[in-house]
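Chain residues, written in single-letter form:
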Amino acid sequence: MMTDAILVTGVARRVGLHLARNFLDRGIPVIGTYRSERPALEELSAKGAVLLRSDFYEEAQVAELARSVTAQCGSLRAIVHNASDWIPENGEIPAATILHRMMQVHVAAPYLLNLALEPLLQVCSHGHADIIHVGDYVSSRGSQKHIAYAASKAAQDNLTLSFSARLAPKVKVNSIAPALVIFNDGDDDEYREKARAKSLMQRKGGLEEFQRTVDYLLDSVYVTGRILHMDGGRHLKVA
């Protein structure tokens, strides 16, 4: 049975994949979740990750995930809630469906997993355990094109406040609110230039910066109940 593992949700690509790789390379046991099969999952499995398929749109699958983690793991060092979805209000999907999906992935799933896996966090052999919610810059300012997404990320930030009070002092709970981390392969030069120009730093944060931010929270013995902004000073940018 695994002990002091890190559960990372959404490990098939981008930030989740990078985090899982880094933890595994450091010899830290990783349990990763995914919704869709992707080539990178074979690499993680070869490195020793326990991979569990779970569709966070379905509450029953979230409950089954919690049971599977409990069956395979005696304790958890951390949970990194990275799994995310991003649906715009563009008329292609009914608004009620968008809101339901955003709240399921960003609020209901972390909420249910935090409650179900609390016993595994409390028995971590490290000095403390951690929960990290991966939020978004828009949680504090809203988004005209992604209204439900921004609202769900704001609700997720509130989970950080409530769970930090509930689980202290053994478990620290924080959120990371990034703006631009990395680009998608299909983003053209014009889009990339506009995106970089939105922050004071005029560049993307990058996966290594995100890893350093996660490591800072995991290493800290004192920081809890905080929303850590990783936005390159975007909040101070004057248009």
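This text follows the structure it describes.
Summary of the structure given here. Note that the coordinates shown come from a computational prediction; the quantities given were computed from them, not determined experimentally.

Some points on unusual backbone geometry
- A cis amide bond, omega 5°, links alanine 168 with the succeeding residue proline 169.
- You can see proline 169 is positioned in the loop between helix 5 (147-167) and strand 6 (171-178).
- One non-glycine residue, arginine 14, lies in the positive phi region at around 50°.
- With respect to the secondary-structure elements, arginine 14 resides in helix 1 (residues 14-25).
- Arginine 14 sits in the partly exposed class, given a relative accessible area of 29%.

Things to note about the pattern of salt bridges
- What the rule picks out here adds up to ten salt bridges.
- Residues arginine 21 and glutamate 43 are paired through a salt bridge, measuring 2.8 Å at the closest nitrogen-oxygen approach. Of this pair, arginine 21 sits in helix 1 while glutamate 43 sits in helix 2 (residues 40-46), and the two are 22 residues apart along the sequence.
- Using a relative accessible area of 29% as the deciding quantity, one classes glutamate 43 as partly exposed.
- Of the charged contacts, one joins glutamate 64 and arginine 67 as a salt bridge, the two residues approaching to 3.0 Å between their closest N and O atoms. Of the two residues, glutamate 64 and arginine 67 are both situated in helix 3 (residues 59-72); the distance of three residues between them amounts to about one turn of the helix.
- Each of Arg77, Asp130 and Lys172 takes part in a single network of salt bridges with overlapping partners.

Quick notes on the side chain of aspartate 136
- Structurally, aspartate 136 is set in the loop between strand 5 (129-134) and helix 5.
- Although aspartate 136 is buried, it makes no salt bridge; lysine 153 carries the closest opposite charge, 6.2 Å away.
- Ignoring sequence-local partners within four residues, the contact set of aspartate 136 consists of Tyr149, Lys153, Ile176, Ala177 and Pro178.

Here's the deal with the packing of aromatic side chains
- With the rule as written, the count across this model stands at one aromatic pair.
- A cation over a ring is seen here: arginine 35 above tyrosine 57, with NZ or CZ 4.8 Å from the ring centre.

Digging into empty space enclosed by the protein
- The tally for this structure, following the rule as stated, stands at one cavity of 30 Å³ or more.
- The space that makes up the largest cavity amounts to roughly 40 Å³.
- Among the elements that line the lining of the largest cavity, the one with the most residues is helix 4 (residues 95-122), at three residues.
- Across the lining of the largest cavity, the residue classes break down as five nonpolar, three polar and no charged.

A closer look at the pairing of strand 4 (residues 76-81)
- With six of six residues buried, strand 4 is to be regarded as a mostly interior element.
- When strand 1 (residues 5-8) meets strand 4, the two strands line up parallel, connected through four bridges. Each residue of the ladder has a partner; that of leucine 7, found in strand 4, is isoleucine 79.
- In this structure, strand 4 lies alongside strand 5, joined through four bridges in parallel fashion. Following the sheet pairing, isoleucine 79 is matched in strand 5 by isoleucine 131.
- Tracing the backbone out of strand 4, into helix 4 and back to the parallel element strand 5 gives a crossover that is right-handed.

Remarks on helix 7 (residues 207-219)
- Spanning 13 residues, helix 7 covers 18 Å between terminal C-alpha atoms, matching the ideal 18 Å at 1.5 Å per step.
- Contacts from the buried residues of helix 7 go to strand 1, helix 1, strand 4, strand 5, strand 6 and strand 7 (227-230).

Section: the layout of surface pockets
- Of the voids in this model, the largest pocket is the one considered here, and its volume is about 1700 Å³.
- When contributions to the lining of the largest pocket are tallied by element, the ones reaching two or more residues are helix 1, strand 2 (30-34), helix 5 and helix 6 (189-196).
- Along the lines of polarity and charge, the residues of the lining of the largest pocket split into 21 nonpolar, twelve polar and 13 charged.
- Reported here for the second largest pocket is a volume of approximately 260 Å³.
- In this structure, the second largest pocket is lined by 17 residues; those nearest its centre are Arg203, Gly205, Met230, Asp231 and Gly232.
- Every element with two or more residues in the lining of the second largest pocket is listed here: helix 7 and strand 7.
- Its residues assigned to classes, the lining of the second largest pocket comprises six nonpolar, five polar and six charged.

So, how was this worked out
- Residues numbered from 1 in each chain as written.
- Predicted model: local features only at pLDDT ≥ 70, side-chain atom pairs only at ≥ 80, totals over all residues.
- Heavy atoms only, no water.
- Helix = DSSP H or I, 4+ residues; strand = E, 2+ residues; numbered from the N terminus.
- Buried < 20%, exposed > 50% of the residue type's maximum accessible area, 1.4 Å probe, protein only.
- Salt bridge = Lys/Arg side-chain N within 4 Å of Asp/Glu carboxyl O.
- Lys, Arg positive; Asp, Glu negative; His and termini not counted.
- Contact = heavy atoms within 4.5 Å.
- Phe/Tyr/Trp six-rings, centres within 6.5 Å; stacked < 30°, edge-to-face > 60°.
- Lys NZ or Arg CZ within 6 Å of the ring centre and 35° of its normal.
- 1 Å grid on protein atoms, 1.4 Å probe; cavity = no way out; pocket = protein on both sides within 12 Å on 5 of 7 lines; lining within 4 Å.
- Points joined across faces, edges and corners; volume = space filled by probe spheres on them.
- Nonpolar A, V, L, I, M, F, W, Y, C, P; charged D, E, K, R; others polar.
- Pairing = 2+ DSSP bridges.
- Right-handed = clockwise from strand over helix to strand, strands pointing away.
- Expected span 1.5 Å × (residues − 1).

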